[in-house]
Amino acid sequence: MAFALPLHGVGNRADLPLPFAFVVVGASLVLLASFAALVFLWPTPRLRPDAGWRLPGTLARFLDSRALTGVAATLALLLTVITLAALVFGRDDANNPVPYVAYVWLWVGLAMLSLVFGPVWRRLNPVRWLHRGLTRLARLDPDEPLTDWWPGYWPAALGLFAFTWLELVAPQRTSQGVLRVVVSGFLALDLLGAMVLGRPWFRHGDLFEVWSRLYGALSPLGRRGGDRQFVLRTPLHGVDALGTDPARDRGLLATAAVMLGSTAYDGFSGQARWYAFVQSTDLPEVWMTLGLVGMCVLVAASLWLAAIVSSRLAGVSASGIALWFAPSLLPIAAGYLVAHYWSLFVLEGQRAWVLLSDPFGTGADWLGTADFRPNAALVDPQLVAVIQVGAIVLGHVLGVVLAHERAVRLFPRRVAVLGQLPLLVVMVGYTCGGLLLLFST
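Residues numbered from 1 in each chain as written. Predicted model: local features only at pLDDT ≥ 70, side-chain atom pairs only at ≥ 80, totals over all residues. Heavy atoms only, no water.

Colleague: Explain the packing of aromatic side chains to me, please; I cannot follow it from the model alone.
Modeller: Two aromatic rings are characterised by how far apart their centres lie and by the angle between their planes. Overall, the coordinates contain 15 aromatic pairs when judged by the stated rule. Judged by centre distance (5.2 Å) and plane angle (40 degrees), the ring pair of Phe 268 and Trp 274 falls under tilted. Look at Trp 274 and you get buried, because its relative accessible area is 16%. Taken together, the ring pairs connect Tyr 103, Trp 107, Phe 163, Phe 186, Phe 208, Trp 211 and Tyr 215 into an aromatic cluster. Sitting above the plane of the Phe 230 ring, Arg 223 keeps its charged end 4.1 Å from the centroid. (Phe/Tyr/Trp six-rings, centres within 6.5 Å; stacked < 30°, edge-to-face > 60°. Buried < 20%, exposed > 50% of the residue type's maximum accessible area, 1.4 Å probe, protein only. Lys NZ or Arg CZ within 6 Å of the ring centre and 35° of its normal.)

Right under this line is the structure:
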């Protein structure tokens, strides 16, 4: 029997500490004030790959140790085995842990963990370890591709869209039959990509590793360019390294647009008028798919158009300009993700531990968590509302800062401010739209 995961958010307009109109106007003014401050205080590029405060040697060695990687990878493989066993042998009911692991832990939890600790899935990815073992058995170089063709981020963009379609649109998306087909297909395609393109595939093509890496670029914990030492840094130093190589990074705008657009559509799909319209049609999945595609295209097109107009105003070539500004969508996508999925992650992430302790529905208690009751302290409606507003505003401010950094690096100084105005307009629009989707009644 299929079932649906609970609603993602618990905040609404009544939970806001200020009137909703004040919140929207205030958030827009914050962006405008941030832009004005950047014009005077940030006239030249400041982000450098060698920036950051180096971690103490003992802590850095621990984070880089094989022991930590081994323990983390072993736990990830153990949870993978339990999840796959539940997928194959578990009951097809609301107590099966697989949908919670897939849609809560692997999707939302991985993103939030990466925002804090960096691209953790690179160490935990079970498919990467499987590929490593297979190439070793076959005595092949895991880094050697079979072709010189390089797709960039396009496989990840398509994979992320397919996963969000599965989560938001597909009928019976939590049923065992559907999930078995999806997991089998993903493993086959992911391994095929790695065997054909070598280990670099995981960095650009594996949808979950790309998901983790792009959000992990915003982590305050990162590696310094050059000596690769662990450092603490501002969130923008990591993401600033993205989108600088047109040959390797093609498809980055599409990927970032899916990351932001899918979350925006999840909020939009809960709007009463849209929901009523979709349910009144004979083909609701078709309309939902069109809505999801439309939202992702709207995000990509608005950024692309703003970047083109900016290049015209600044008098520079428009070639590759959209890719250059694409990373500025990532802080915005992170803000939307935290705002939209916070309550889902807190409550259902805890519930997953309970269900994993009894993966076959036999009354077992493998993890000793069968009697655990989720703590709801972090999903108080007013707290969630504050987190939502704060995450969206902070994400957009970081997006404005990164766009400004890219503009002063690319545009002539005398027209750098003028060239940024279309991008600023788009980001203010994103802010107002995001708040309306979250708190509209």
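On we go.
Colleague: What is the right way to read empty space enclosed by the protein from this model?
Modeller: Rolled over the atoms, a probe as big as a water molecule pinpoints where empty space is left. Throughout the structure, instances matching the rule amount to 2 cavities of 30 Å³ or more. Here the largest cavity is characterised by a volume of approximately 50 Å³. Every residue along the wall of the largest cavity is listed here: Thr 263, Ala 264, Gly 267, Tyr 336, His 340, Gly 434, Leu 437 and Leu 438. Among the secondary structure elements, those contributing two or more residues to the lining of the largest cavity are helix H12 (252-268), helix H16 (329-356) and helix H18 (416-439). Its residues assigned to classes, the lining of the largest cavity comprises 4 nonpolar, 4 polar and no charged. Taken as a whole, the second largest cavity holds about 40 Å³ of empty space. (1 Å grid on protein atoms, 1.4 Å probe; cavity = no way out; pocket = protein on both sides within 12 Å on 5 of 7 lines; lining within 4 Å. Points joined across faces, edges and corners; volume = space filled by probe spheres on them. Helix = DSSP H or I, 4+ residues; strand = E, 2+ residues; numbered from the N terminus. Nonpolar A, V, L, I, M, F, W, Y, C, P; charged D, E, K, R; others polar.)

Colleague: When you look at the packing of helix H3 (residues 66-89) against helix H4 (residues 98-117) in this model, what are you seeing that I'm missing?
Modeller: Between H3 and H4, whose axes approach to 8 Å, the crossing angle comes to 130 degrees. Our classification of the angle between H3 and H4 gives oblique. Contact residues: H3 offers Leu 79, Thr 83, Ala 86 and Leu 87, while H4 offers Val 98, Val 101 and Trp 105. Of the residues contributing to the contact of H3 with H4, the split by class is 6 nonpolar, 1 polar and no charged. (Axes fitted to C-alpha atoms, helices over the stretch in contact; angles between N-to-C directions. Parallel < 35°, antiparallel > 145°, perpendicular 65-115°, else oblique. Contact = heavy atoms within 4.5 Å.)

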